[in-house]
Amino acid sequence: MTAHMPDRPATARPGTPGRHGTPPEIPSQSRRRQGPSPERGEFVRPLTRRQVDDRMWELGELYAHTSSSEPGISDLSDQAGSDAFRQRLAGHMRRPGFELLVAEAVRPSGATHLTACAYGFPVRGAGPWWQGLDEYLPENLFRVAASGKLFAVADVLVASRVRTHDLTREWNLARRLQKRLLGDHIGALGVTLVDRRDVDTYRALLAWGWRCLPAEERGASRFAPRRLLVLALR
């Protein structure tokens, strides 16, 4: 499943928001004894813009695989979503400071394959703004953007197990990806937008360390179609 999808409808909605718009609870972790990380064999590395161009089809297939409600089963809607993702990514690549990370695993045959992806770019004080982000930013985050310390995480594509198991563990693949993105921009504060209807993604992001701003700091009302979440590395 796709962990962040600010400009497309949710593909899975396993829960609903609490009464009166209160945020849902983060799912509790399994009580079973946690074993070693299943992600340790996955190598995270950046791609250059040229490498992204060369692997654009593969990245689109990853999008379809991780966003499909039935992994392994492809249909026309998956293909349309994959095409839209490639088009969106091609546009985002033109932004200054664009950075994309992939996670790769080795098959028994020795060949590598993509298992996850995350990308983003700095948000500057002077536009263009990303996906109407300025409508959601409170005044204090405008100042952060003006100082060059605001980084938009546009997409995190991970398998369903990454967003449903061991979410709070530091070796969780989504956590590794977002930490690497922000770690390459020292002192940057991460921001992302999530569709208010996409409760599944919202819960996963909260469990990965993202947080909503207090009501008095929000740049948009609680009736806005998206939520703004922020992430600061500890």
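The present account deals with the structure reproduced in this document. Per-chain numbering applies: the sequence of each chain, read as written, is numbered from 1 onward. Per-residue local features of the predicted model are confined to residues with pLDDT of at least 70, and side-chain atom pairs are confined, for both listing and counting, to 80 or more; whole-chain, interface and lining totals are unaffected and use all residues. Side-chain metrics rest on all non-hydrogen atoms present in the structure, leaving aside hydrogens and water.

### Quick notes on the overall build of the protein
Okay, so step 1: Every helix listed is a DSSP run of H or I at least four residues long, and every strand listed is a run of E at least two residues long, numbered separately from the N terminus. Broken down by element type, the protein carries 7 helices and 7 strands.
Okay, so step 2: Scanning the protein from its N terminus toward the C terminus, one meets helices and strands in the order β-α-α-α-β-β-α-β-α-α-β-α-β-β.
Okay, so step 3: Between buried and exposed lies partly exposed: a residue is buried under 20% and exposed over 50% of the maximum accessible area for its type, with that area taken using a 1.4 Å probe on protein chains only. Here the protein holds 234 residues, and 47% of them are scored as buried.
Okay, so step 4: Here, two residues are considered to be in contact whenever any of their heavy atoms come within 4.5 Å of each other. Restricting to contacts in the protein with at least 6 residues of sequence separation, those with at least 24 account for 74%.

### Structural notes on the sheet that holds strand β2 (residues 99-106)
Okay, so step 1: Note: two strands are recorded as paired if DSSP finds a minimum of 2 bridges between them. Strand order in the open sheet made by the 7 strands is β1-β2-β3-β4-β5-β7-β6, with mixed pairing throughout. Each edge of the sheet is formed by a strand with only one pairing partner; in this case those strands are β1 (43-47) and β6 (211-212).
Okay, so step 2: Here β1 runs beside β2; their pairing, made up of 5 bridges, is antiparallel. Counterpart to R45 in the pairing with β2 is V102.
Okay, so step 3: Axis geometry follows a simple rule: fit a line to the C-alpha atoms, using only the stretch in contact for helices, then measure angles between N-to-C directions, giving values from 0 to 180 degrees. Each of β4 (150-157), β5 (189-195) and β7 (226-231) touches helix α4 (residues 139-146); the most contacted strand, β4, lies at about 95° to it.
Okay, so step 4: Set on the sheet, helix α6 (residues 173-183) makes contact with β1, β2, β3 (112-122), β4, β5 and β7; between it and β3 the angle comes to about 40°.

### Some words on the nonpolar core
Okay, so step 1: The set of buried Ala, Val, Leu, Ile, Met, Phe, Trp, Tyr and Cys residues whose side-chain atoms join them within 4.5 Å is what this entry labels a nonpolar core. Grouped together as the largest cluster of nonpolar side chains are 34 residues, with contacts concentrated most on V52, L59, L89, L100, L141 and L228.
Okay, so step 2: For this core, the secondary structure elements donating two or more residues are α2 (56-67), α3 (76-92), β2, β3, α4, β4, β5 and β7.
Okay, so step 3: Sequence-distant contacts of L89, that is, excluding residues within four places in its chain, are made with V52, M56, L59, F98, L100 and Y119.
Okay, so step 4: Core analysis: the next-biggest nonpolar cluster, separate from the first, contains 27 residues, V44, L167, W210 and L231 among them.

### Remarks on the pattern of salt bridges
Okay, so step 1: Here a salt bridge means any side-chain nitrogen of Lys or Arg lying within 4 Å of a carboxyl oxygen belonging to Asp or Glu. Within the structure shown, the criterion is met by 12 salt bridges.
Okay, so step 2: Where R161 meets E42, a salt bridge forms, and the shortest distance between an N and an O atom there is 3.5 Å. Highlighted residues: R161 in helix α5 (residues 160-164) and E42 in the segment before β1, separated in sequence by 119 residues.
Okay, so step 3: Ionic pairing is found between D200 and R163, a salt bridge with its closest N-O pair at 2.9 Å. Of this pair, D200 sits in helix α7 (residues 199-207) while R163 sits in helix α5, and the two are 37 residues apart along the sequence. Here D200 and R163 have matching classes, each one buried.
Okay, so step 4: Linked through salt bridges whose partners overlap, the residues forming this network are R45, R55, E58 and E104.

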